[in-house]
Every structure is written in structure tokens, then in C-alpha cells.
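What follows is each chain in one-letter form.
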Amino acid sequence: MVPIALPSGTTWHLRAEGKKLSYRAQLPGARVYDLVGRGLRTAQSRGVGAVDRLMFALPASWLVNSPAVSKVLRRWALPPHDETCLALLEVLEGGPDAWAEDAGTAESVRLALASLGDEPYVVEAVSKVMALLVPDAVPLMPAPARAFVLGEADKDHPDAFMRIVEWFARTVIEQRAALEAIARDHTEVQLTAGGVLDRLLWFDSEGHRHFPAVE
């Protein structure tokens, strides 16, 4: 049982991790999303650039019920919004130490998200793209996950995206050994340490409603 401190001030205990990951892997869209994530990591290791990886990640985000409609994804794929997405990706790839050194990181991320559109679902939709590209820094952020991490009162705060990213990336670093051990035992698909934490966050915040109770 792995204890995880949440920004809301509560502690989240990871339990029955293997069972929960196996349940999630039964969902067709979620399973293919994980396979796309593995493919994108392989592509990056072979030198495929950020522009191409972003174009693959945009439509793949629909596999986990992204609320972004096609015209929004089209907008993000074209100038100047594609440049915003790539700049955001570069920031997220920097990691917690780089973010801590730049006091303006949170504000720049907030402005980037605002510039991508005024749709109320922007945080969730962007997270479902970026979680494929930087899985150890960004989890999926539908409203239940944001409330689980930050508390109901703060789930729609303008800085919710970056607050969750900072907590998530730090937690992945601190709990990497435990999370990677869970990943090795999960045989359905290859996950990173962050991928494990993300999928357990989804399960415990809302996904459990789709499956039999886990002891």
C-alpha cells in the first residue's frame, strides 16, 4: 500500500493496483490509448520530432473520451495554436526542477491554456493530449480527477492544470521505484511510472463506477 500526499491535504493510499489496472485494460479505448502512448515513446526514442508526435496525440486523445470536438483539434493542429501546444509541451518536458527555477512557469502555462480557446473543457482536453506525450508529468484531468487531487472547491481554479502537474511529476519522482514495480507486474500493456499513477487516479476518482467493487 503506497501512501500519496494530495494537495487537498488528504492522503491517497494505492491499493489493489494490479486488479484496478487489469479492469481498466478491459476498456477498448483505454487499452488502445495505452498502446498509442507506448508507440509515441518508441517514436520519440527513434528521433520522431515533437510536431509529428503532437499530430498523432491529438486524435488519439479521443480514445479516453476527450470532450474536444473535431474543429477544436483542427484549430490546435494549425498555426498559431500548434506553436502554443509545442511550447507547452517543451515546458512540461522540463520537469519540476526547471519549473521551480522559473517563477513565471505557472502563469505562462495558464496563459497558454487560455489562448487555446475559451471552451470550458480545455484543461481536460489538453491533459488527454499531453498525457500521451509526457506521461510522467501530466495525468488525465477530467473534473472528478481534479476534484480528487485538489478538492472540489479548487478543481476549476485557473491554475488547476499546473498545480496538478507539479504534484503529479513530483510524486512520480518520489514514488518511482514503487510505481515501476507495479508497472512490471501489469502484463496487459507497457506503462511508465507516471502512467501507472495516472490510471490509478482515474480508477479511484471515477473509474471504479464501471467495475465490480475491488476489495
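Residues numbered from 1 in each chain as written. Predicted model: local features only at pLDDT ≥ 70, side-chain atom pairs only at ≥ 80, totals over all residues. Heavy atoms only, no water.

**Q** How would you explain the overall build of the chain if you had to name every residue and give the values?
**A** Of regular secondary structure, the chain possesses 12 helices and two strands. Tracing the chain from N to C terminus, the helices and strands come up as β-β-α-α-α-α-α-α-α-α-α-α-α-α. Rg of the C-alpha trace for the chain: 16 Å, near the compact-globule value of 17 Å for 215 residues, within the 12% margin. The buried share among the 215 residues of the chain stands at 49%. With an accessible surface of roughly 10,200 Å², the chain has 54% of that area assigned to carbon and sulfur atoms. Distance between charge centroids for the chain: 6 Å, based on 22 positive and 28 negative side chains. (Helix = DSSP H or I, 4+ residues; strand = E, 2+ residues; numbered from the N terminus. Rg over C-alpha atoms; globule rule 2.2 N^0.38 Å. Buried < 20%, exposed > 50% of the residue type's maximum accessible area, 1.4 Å probe, protein only. Areas by Shrake-Rupley, 256 points an atom, 1.4 Å probe, with all protein chains shown as cover. Lys, Arg positive; Asp, Glu negative; His and termini not counted. Charge placed at Lys NZ, Arg CZ, Asp CG, Glu CD.)

**Q** Explain the packing of aromatic side chains to me, using residue names and the numbers behind them.
**A** If you walk through the whole model with that rule in mind, you get seven aromatic pairs. Taking the centre distance of 6.4 Å and the plane angle of 80° together, the rings of Trp202 and Phe211 count as edge-to-face. According to the relative accessible area criterion, Trp202 is buried, its value standing at 16%. An aromatic cluster of three or more residues is present, and its members are Tyr23, Trp202, Phe203 and Phe211. (Phe/Tyr/Trp six-rings, centres within 6.5 Å; stacked < 30°, edge-to-face > 60°.)

**Q** So, the side chain of Thr171: which residues are in play, and what are the values?
**A** If you trace the backbone, Thr171 turns up in helix H10 (residues 160–174). For Thr171, a relative accessible area of 5% corresponds to the buried category. Engagement of the side chain of Thr171 in a polar contact is seen with the backbone oxygen of Trp167, the distance being 2.8 Å. In contact with Thr171, not counting residues within four places along its chain, are Ile4 and Leu197. (Polar contact = N/O pair within 3.5 Å; in protein donor to acceptor, adjacent residues only side chain to side chain. Contact = heavy atoms within 4.5 Å.)

**Q** Describe the side chain of Glu206, listing the residues and the values that go with them.
**A** Take Glu206: it is sitting in the segment after helix H12 (193–205). Of the residues examined, Glu206 reaches a relative accessible area of 13% and is grouped as buried. Among all residues touching Glu206, those that are not within four sequence positions of it are Pro142 and Pro144.

**Q** I'd like to hear about unusual backbone geometry, residue by residue, with values.
**A** A cis amide bond links Pro79 with the next residue in sequence, Pro80, at an omega value of 0°. Relative to the assigned elements, Pro80 resides in the loop between helix H4 (70–77) and helix H5 (81–94). We note that Ala16 has phi near 50°; this positive angle belongs to a residue other than glycine. Mapped onto the elements, Ala16 comes out in the loop between strand E2 (11–14) and helix H1 (17–25). The class for Ala16 is partly exposed, based on a relative accessible area of 28%.

**Q** Just give me the short version of the environment of Asp52, but keep the residues and values in it.
**A** On the secondary structure map, Asp52 appears in helix H3 (residues 50–60). Residues Asp52 and Leu40, spaced 12 residues apart in sequence, show a C-alpha to C-alpha distance of 9.7 Å.

**Q** Hey, could you go over the environment of Val2 for me, with residue numbers and the actual values?
**A** Relative to the elements of secondary structure, Val2 occurs in strand E1 (residues 2–5). Considering only alpha carbons, one finds Val2 and Asn65, 63 residues apart in sequence, at a separation of 28 Å. Residue contacts for Val2: discarding those within four places in its chain leaves Trp12, His13, Leu14, Glu17, Gln175 and Ala178.

**Q** Summarise the nonpolar core; cite the residues concerned and give the values.
**A** Among the nonpolar cores identified, the biggest contains 61 residues, and Trp12, Trp76, Leu92, Val126, Met130, Val138 and Phe161 are the most heavily contacted of them. Tallying contributions element by element places H10 first for this core, with nine residues. Those residues within four positions of Trp12 in sequence are excluded, and the remaining contacts are Val2, Pro3, Ile4, Leu6, Phe148, Trp167, Leu197, Leu200, Leu201 and Asp204. (Core = buried A, V, L, I, M, F, W, Y, C linked by side-chain atoms within 4.5 Å.)

**Q** Break down the packing of H3 against helix H8 (residues 122–133) for me, with residues and values.
**A** Think of two packed helices as two axes; the pair is described by the angle between the axes and how far apart they sit. Contact geometry for H3 and H8: axes closest at 9 Å, N-to-C directions at 130°. Put simply, H3 runs oblique to H8. Crossing of H3 over H8 shows right-handed handedness. Contact residues: H3 offers Arg53, Leu54, Ala57, Leu58 and Ala60, while H8 offers Val129, Leu132 and Leu133. (Axes fitted to C-alpha atoms, helices over the stretch in contact; angles between N-to-C directions. Parallel < 35°, antiparallel > 145°, perpendicular 65-115°, else oblique. Left-handed = near helix turned anticlockwise from the far one by under 90°.)

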